Structures are given as C-alpha cells and as structure tokens.
Amino acid sequence: MLDYARAQLGERKGIEWREADALKLPFPDGAFGALVCGFGMMFVPDHQAMFREARRVLVEDGILLFSVWDRVEENPHALANAEVVESLFPGDAEMRFRIPYAMHDPALLLRLLAGARFGEPRIETKRIAIDGADPRNLATGQIRGTPRSALIEKRGVPLELVIDKVTAALVYSRGNPYRGYAQAVIVEAQAK
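Predicted, not measured: the structure shown is a model, and the values here were computed from it.

Visitor: Would you mind going over the environment of Ala 82 with me for this structure?
Guide: Secondary-structure assignment places Ala 82 in helix α3 (residues 76–88). Ignoring any residue separated from it by four or fewer positions in sequence, one finds Ala 82 in contact with Phe 97 and Arg 98.

Visitor: Any chance you could explain the sheet that holds strand β4 (residues 178–190) here in plain terms?
Guide: Where strands meet in a sheet, backbone hydrogen bonds hold them as pairs that are either parallel or antiparallel. Read from one edge to the other, the open sheet built from 4 strands follows the order β1-β2-β4-β3, with strand pairing classed as mixed. In the strand order of this sheet, the two ends are held by β1 (32–38) and β3 (122–133), each with one partner. Averaged over all adjacent pairs, the angle separating strand axes in this sheet is 15°, with direction ignored. As judged from the 7 bridges shared by strand β2 (residues 58–69) and β4, these two strands associate in the antiparallel manner. What sits directly across from Trp 69, in β4, is Ala 184. Sheet strands touched by helix α2 (residues 47–57): β1 and β2. Its angle to β2, the strand with the most contacts, is close to 140°. Set on the sheet, α3 makes contact with β3 and β4; between it and β4 the angle comes to about 105°.

Visitor: Got a minute to help me understand the layout of surface pockets in this structure?
Guide: Over the atoms a probe the size of a water molecule is rolled, and this reveals where empty space is left. Here the largest pocket defines a volume of roughly 1900 Å³. Surrounding the largest pocket, 45 residues form its lining, Met 1, Cys 37, Gly 38, Phe 39 and Gly 40 being those nearest its centre. Looking at the lining of the largest pocket, the elements with two or more residues in it are α1 (2–9), β1, α2, α3, α5 (135–144) and α6 (148–154). Looking at the lining of the largest pocket, the element that brings in the most residues is β1, giving 6 residues. A breakdown of the residues in the lining of the largest pocket according to their chemical character gives 31 nonpolar, 8 polar and 6 charged.

Visitor: Is there a simple way to think about the pattern of salt bridges in this case?
Guide: Side chains that carry opposite charge are capable of pairing whenever their charged atoms lie near each other. By the definition in use, this model includes 18 salt bridges. Among the salt bridges present, the one from Arg 71 reaches Glu 73, with a minimum N-O distance of 3.5 Å. Measuring nitrogen to oxygen at the nearest pair gives 2.8 Å for the salt bridge that ties Glu 160 to Arg 144. Linking Glu 160 in helix α7 (residues 159–174) with Arg 144 in helix α5, this pair joins segments that are 16 residues apart in sequence. When salt bridges with common partners are traced through the structure, they connect Arg 71, Glu 73, Glu 74 and Arg 127 into a single cluster.

Visitor: Looking at this structure, how should I read the side chain of Asp 70?
Guide: Here Asp 70 shows up in the loop between β2 and α3. Arg 71 provides the closest opposite charge to the buried, unpaired Asp 70, separated from it by 4.9 Å. Here the side chain of Asp 70 touches Gln 183 through a polar contact of 2.6 Å, side chain to side chain. Ignoring anything within four residues of it in the chain, the contact list for Asp 70 reads Asn 75, Tyr 101, His 104, Thr 125, Gln 183, Ala 184 and Val 185.

Visitor: Help me understand a nonpolar patch on the surface in this model?
Guide: On the surface, a cluster of nonpolar side chains totalling about 230 Å² of accessible area is made up of Leu 9, Ile 15 and Trp 17. Examined against the element boundaries, Leu 9 turns out to sit in helix α1.

Visitor: Help me understand the nonpolar core, please; the structure alone is not making it clear to me.
Guide: Taken as a class, soluble globular proteins show a tendency for nonpolar side chains to be buried jointly. Counting residues in hydrophobic clusters, the biggest one holds 24 residues, and the most contacted among them are Phe 51, Leu 64, Phe 66, Met 103, Leu 113 and Phe 118. Mapped onto this core, the elements with two or more residues apiece are α2, β2, α4 (106–115) and β4. Setting aside anything within four residues of it in sequence, one finds Phe 118 in contact with Phe 51, Ala 54, Arg 55, Leu 58, Leu 64, Leu 113, Ala 189, Gln 190, Ala 191 and Lys 192. Core analysis: the second largest hydrophobic core is formed by 21 residues, Met 95, Val 157, Ile 163 and Ala 169 among them.

Visitor: Got a minute to help me understand α7 in this structure?
Guide: Structural remark: α-helix, 3.6 residues per turn; residues separated by three or four positions point the same way. Spanning 16 residues, α7 covers 22 Å between terminal C-alpha atoms, matching the ideal 22 Å at 1.5 Å per step. Each element contacted by the buried residues of α7 is listed here: α3, α5, α6 and β4.

Visitor: Would you mind going over the packing of α2 against α4 with me for this structure?
Guide: Orientation of α2 relative to α4, taken along the N-to-C sense of each, is 50°, at an axis distance of 8 Å. Judged by the angle between their axes, α2 and α4 are oblique. The chirality of how α2 crosses α4 is right-handed. Residues His 47, Gln 48, Phe 51 and Arg 52 of α2 form the contact with α4, whose own contacting residues are Arg 111, Leu 112, Leu 113 and Gly 115. When grouped by side-chain class, the residues that make up the contact of α2 with α4 number 3 nonpolar, 3 polar and 2 charged.

What counts and how
Residues numbered from 1 in each chain as written. Predicted model: local features only at pLDDT ≥ 70, side-chain atom pairs only at ≥ 80, totals over all residues. Heavy atoms only, no water. Helix = DSSP H or I, 4+ residues; strand = E, 2+ residues; numbered from the N terminus. Contact = heavy atoms within 4.5 Å. Pairing = 2+ DSSP bridges. Axes fitted to C-alpha atoms, helices over the stretch in contact; angles between N-to-C directions. 1 Å grid on protein atoms, 1.4 Å probe; cavity = no way out; pocket = protein on both sides within 12 Å on 5 of 7 lines; lining within 4 Å. Points joined across faces, edges and corners; volume = space filled by probe spheres on them. Nonpolar A, V, L, I, M, F, W, Y, C, P; charged D, E, K, R; others polar. Salt bridge = Lys/Arg side-chain N within 4 Å of Asp/Glu carboxyl O. Buried < 20%, exposed > 50% of the residue type's maximum accessible area, 1.4 Å probe, protein only. Lys, Arg positive; Asp, Glu negative; His and termini not counted. Polar contact = N/O pair within 3.5 Å; in protein donor to acceptor, adjacent residues only side chain to side chain. Patch = residues over 30% accessible without salt bridge, like charges linked within 9 Å, V, L, I, M, F, W, Y side chains within 5 Å. Areas by Shrake-Rupley, 256 points an atom, 1.4 Å probe, with all protein chains shown as cover. Core = buried A, V, L, I, M, F, W, Y, C linked by side-chain atoms within 4.5 Å. Expected span 1.5 Å × (residues − 1). Parallel < 35°, antiparallel > 145°, perpendicular 65-115°, else oblique. Left-handed = near helix turned anticlockwise from the far one by under 90°.

Here is the structure:
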C-alpha cells in the first residue's frame, strides 16, 4: 500500500511514509491535526485501543476521518463471496468472511469513539454503483487480493476453483456484466 501511495504522489516533498502498528503509533501525543484511514480500521484486533491511540496522536479538536464497509448484506459482491467461501469451509472460523463488515453499526461506532474521547461523530452511508464489471475480475480480486488466499491454499483447495465458484455466484446474483453496488460507512469525529 505504501508503494502504491508513493507511486501515486510521485516525488512530493514533505511527505514521510511509514508503516506503523495502529495500536502503538510511533508519534508523540498531539502530533497531528487530522488522521485519515480508508477501509483499514476494521482489521485492527482491538478497536477501542485503536481509537484511543488515534485520539492520543491528535491535537484537541483534531479530526479523525475513516471509512468502514457497511453490512455484508449491503455489499452483494461480498455476500456472494462470503457464501461461497464459507460453504467450502463450513464451521471454519478463519474462513468466515464477515470481519471486514463488522464495524458498520452506528451504535458500536458511537460507543467506541466516545470511549476514546471523540465528540459526537458525523456518520454517513455511501452507496456506489458497480455497473458493467467483469464478474471474474471481481472474484479474482476478492480471492487473490486478500490474505484469505493463503488460508485457502493451506487447506488444499485450488484458488482457481474458488474463483470459478465466486464468479458463478456473482453472475447468478447480478448478471454478466456484473451490476450491483458497494456500500460503506464514512465517519468524521473531532477529538475532545
């Protein structure tokens, strides 16, 4: 991700790129006026500690802006993927495809943010149309583009078989070309 970001911004001066643990940021208290995270917070194992750490590095009245996926049921391509993968590995907790969609609940977000000394957040749902996508490309990205691919291979199931099954589910549910949508929750909170 850092390599991609560097490539997008070229040789801009004044940007320092670092990989860091979201639960132990290598920055002093109050170092930033804003903190932004796109679709990453749902993967941190301790959400409350993550928000406390984000608050620690923000100045008072600093802004935290982040996005998380809405419920898996509000993301038809993800639901099709989840159903296929979970059916191939019934009862296998590591193969549940719900973690990226677990932080959608506004009540949960309000509680976590309040517990980390953020003021009342602005929470907004955004739906983006997916129109005319190649179902196989979607399936390939959903399988090969995640760490789950290593877990599938570890269980001895060929990735191409899973990609074929996810492709078929996407075509069945939304056609070929694929027409659907992706839905996310966007949150803006101010440090108090």
